[in-house]
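Residue-level structural notes
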Amino acid sequence: MLRTKKALIAAALAVLAVACGKEGSPPVKGPSPDQLPDYKVESAFALPNSATWEKAKRRGRLVVGAKEDQPYMGEKDPASGRYSGFDIEIAKMVAASLGFDPAGIQFRTIASANRETALQNGQIDYYVGTYTINDKRKKLVGFGGPYYMAGQSLLVRTDEKDINGPQDLDGKRVCSAAGSTPYQRMQQDYPQADLVAYDTYSVCVDNLLTYQVDAVTTDDTILMGYAAKVPEEMKVVGAPFSKEPYGIGVPRTDTALRFAIDDALAAREKNGDWQKAYDVTLGLSGRKATPAPPIDRYPAS
Ligand code: GLU
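Below is a short write-up of the structure. (Residues numbered from 1 in each chain as written. Predicted model: local features only at pLDDT ≥ 70, side-chain atom pairs only at ≥ 80, totals over all residues. Heavy atoms only, no water.)

Here's the deal with empty space enclosed by the protein
Applying the stated criterion to the full structure yields one cavity of 30 Å³ or more. Approximately 60 Å³ is the volume found for the largest cavity. In terms of lining, the largest cavity is formed by 13 residues, of which the most central are R115, T130, P182, Y201 and D219. Those elements giving two or more residues to the lining of the largest cavity turn out to be helix 6 (181–189) and strand 11 (215–219). Residues of the lining of the largest cavity, tallied by class, amount to three nonpolar, six polar and four charged. (1 Å grid on protein atoms, 1.4 Å probe; cavity = no way out; pocket = protein on both sides within 12 Å on 5 of 7 lines; lining within 4 Å. Points joined across faces, edges and corners; volume = space filled by probe spheres on them. Helix = DSSP H or I, 4+ residues; strand = E, 2+ residues; numbered from the N terminus. Nonpolar A, V, L, I, M, F, W, Y, C, P; charged D, E, K, R; others polar.)

Things to note about the site of the ligand
Looking at the ligand, there are 17 residues lining it, with K67, S112, T132, Y201 and D219 nearest. Between T132 and the ligand, the recorded distance is 2.7 Å, taken from a side-chain N or O atom to a nitrogen atom. Here a nitrogen atom of the ligand and a side-chain polar atom of D219 are 2.6 Å apart. Burial of the ligand by the protein chains amounts to 100% of its free accessible area of 280 Å². The pocket occupied by the ligand, as judged from atoms lying within 2 Å of grid points, is the largest cavity. Of all the secondary structure elements, the ones that give two or more residues to the shell around the ligand are helix 6, strand 11 and strand 13 (244–251). (Near = heavy atom within 4 Å. Polar contact = N/O pair within 3.5 Å; in protein donor to acceptor, adjacent residues only side chain to side chain. Areas by Shrake-Rupley, 256 points an atom, 1.4 Å probe, with all protein chains shown as cover. Sits in = over half its atoms within 2 Å of the grid points.)

Digging into the environment of S180
Turning to its location among the elements, S180 is positioned in the loop between strand 9 (173–177) and helix 6. For S180, a relative accessible area of 2% puts it in the buried group. Through-space distance from the C-alpha of S180 to that of T200 is 9.9 Å; in sequence the pair is 20 residues apart. A distance of 3.2 Å separates the side chain of S180 from the backbone nitrogen of Y183, its partner in a polar contact. (Buried < 20%, exposed > 50% of the residue type's maximum accessible area, 1.4 Å probe, protein only.)

What to know about the packing of aromatic side chains
For the structure on display, the rule yields 15 aromatic pairs. With a centroid separation of 6.1 Å and 65° between ring planes, the pair formed by F45 and W53 is classed as edge-to-face. With relative accessibility at 25%, the residue F45 sits in the partly exposed group. Note on W53 and F100: the rings are 6.1 Å apart at their centroids and 70° apart in plane angle, and the pair reads as edge-to-face. With W53 in helix 2 (residues 51–59) and F100 in the loop between helix 3 (86–97) and strand 5 (106–109), this pair connects stretches of sequence that are 47 residues apart. Pair check on accessibility: W53 and F100 agree, each one buried. The side chain of K229 reaches across the aromatic face of Y72, ending 5.2 Å from its centre. (Phe/Tyr/Trp six-rings, centres within 6.5 Å; stacked < 30°, edge-to-face > 60°. Lys NZ or Arg CZ within 6 Å of the ring centre and 35° of its normal.)

Considerations on the sheet that holds strand 10 (residues 194–198)
The mixed open sheet is built from five strands, whose spatial order is 10-9-11-8-12. Lying at the two open borders of the sheet, with one neighbouring strand each, are strand 10 and strand 12 (234–237). Each strand of the sheet is rotated relative to its neighbour by a mean of 30°, with strand direction disregarded. Here strand 9 runs beside strand 11; their pairing, made up of two bridges, is parallel. If you follow C175 over to strand 11, its bridge partner there is V216. Seen against the sheet, helix 6 touches strand 8 (152–157), strand 9, strand 10 and strand 11 and runs at an angle of roughly 160° to strand 10. (Pairing = 2+ DSSP bridges. Axes fitted to C-alpha atoms, helices over the stretch in contact; angles between N-to-C directions. Contact = heavy atoms within 4.5 Å.)

Some thoughts on the pattern of salt bridges
In this structure the tally under the stated criterion is 13 salt bridges. Of the charged contacts, one joins K40 and E42 as a salt bridge, the two residues approaching to 3.9 Å between their closest N and O atoms. We note a salt bridge from R268 to D273, for which the minimum N-O separation is 2.9 Å. For the residue pair R268 and D273, the accessibility class agrees, reading buried in each case. One network of salt bridges, in which partners are shared, links R268, D273 and K276. (Salt bridge = Lys/Arg side-chain N within 4 Å of Asp/Glu carboxyl O.)

Points about the pairing of strand 8
The side chains of a regular strand alternate, residue by residue, between the two faces of the sheet. Counting buried positions along strand 8 yields six of six residues, so the element is predominantly enclosed. The sheet contact formed by strand 8 and strand 11 spans four bridges and is antiparallel. Its bridge partner lying in strand 11, L154 is registered against T217. Summarising the sheet, strand 8 and strand 12 pair through four bridges and their orientation is antiparallel. In the strand pairing of strand 12, L155 is matched with V236.

Focus: the sheet that holds strand 4 (residues 83–84)
If you trace the three strands from one edge of the open sheet to the other, you get 2-3-4, paired in antiparallel fashion. Two strands lie at the open edges of the sheet, namely strand 2 (69–70) and strand 4, each paired on one side alone. Sheet analysis places strand 3 (residues 74–76) next to strand 4, joined by two bridges and oriented antiparallel. By the bridge assignment, E75 is partnered in strand 4 with S84.

Interpretation in functional terms is not warranted from these geometric data alone.
Okay, here's the thing in structure tokens:
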């Protein structure tokens, strides 16, 4: 029995490694680069009121924060160093509207817990990576968008029978990312769960497959991406139990940049780029496109 279980785990991890491109092979059902939309670069665009934009112009390229281990959202191929996914496409279409060639973007992986500091320190010009807009974070950074609505959910092994929603987590080991809204919600609303935190969700998934935790919790977008890679090993259960509106993080005082990003998103939703990008990224995980929520052009404070 033990040997079978061990063999199963080894096989699952191997599948995940291959699926995530760790061995240099393309993802099984991943976005194919030749299907990605070409975003028209607004070469005459200028934003003299934005210190961030001016600095990027002088540098000659944008530096954008992202995730690298979230299939279909933000994923880095370790062999080529190329980033792909819906968030990456959002970053690219916005860059094109801001007058930058998307091919020249320098992506930087930043974990959930480090996003605000990265924006405050000027390490990145903006951030696109499953980043929930909320009032607490708005005190530290600004948010363009929202450009998508996700919801917190649960990922379990396919052999799991007892966990069907957050009400079933008492005494169960549950993994999430430090500094994330799902982690905070678990702490506040489900204190009976045995919560563990890592920097990234992919470490949580490894722990799930090796029976060290019973569930992984974060946004359904992220969890569906992992499940779609190895559906025979993992499944997403229950209905989403929060609202996670995704925004583009910017330095808090750079309102000019924030409004320009809002305009860019609105234009790209209208001209069909948003939908095209969705279809060849997150859409491949089997997740139906819910329309982008209305853009919240909130005033400067
Ligand atoms: N959207 C949630 C958050 O911003 C979870 C996903 C993440 O950690 O990036 O905290």
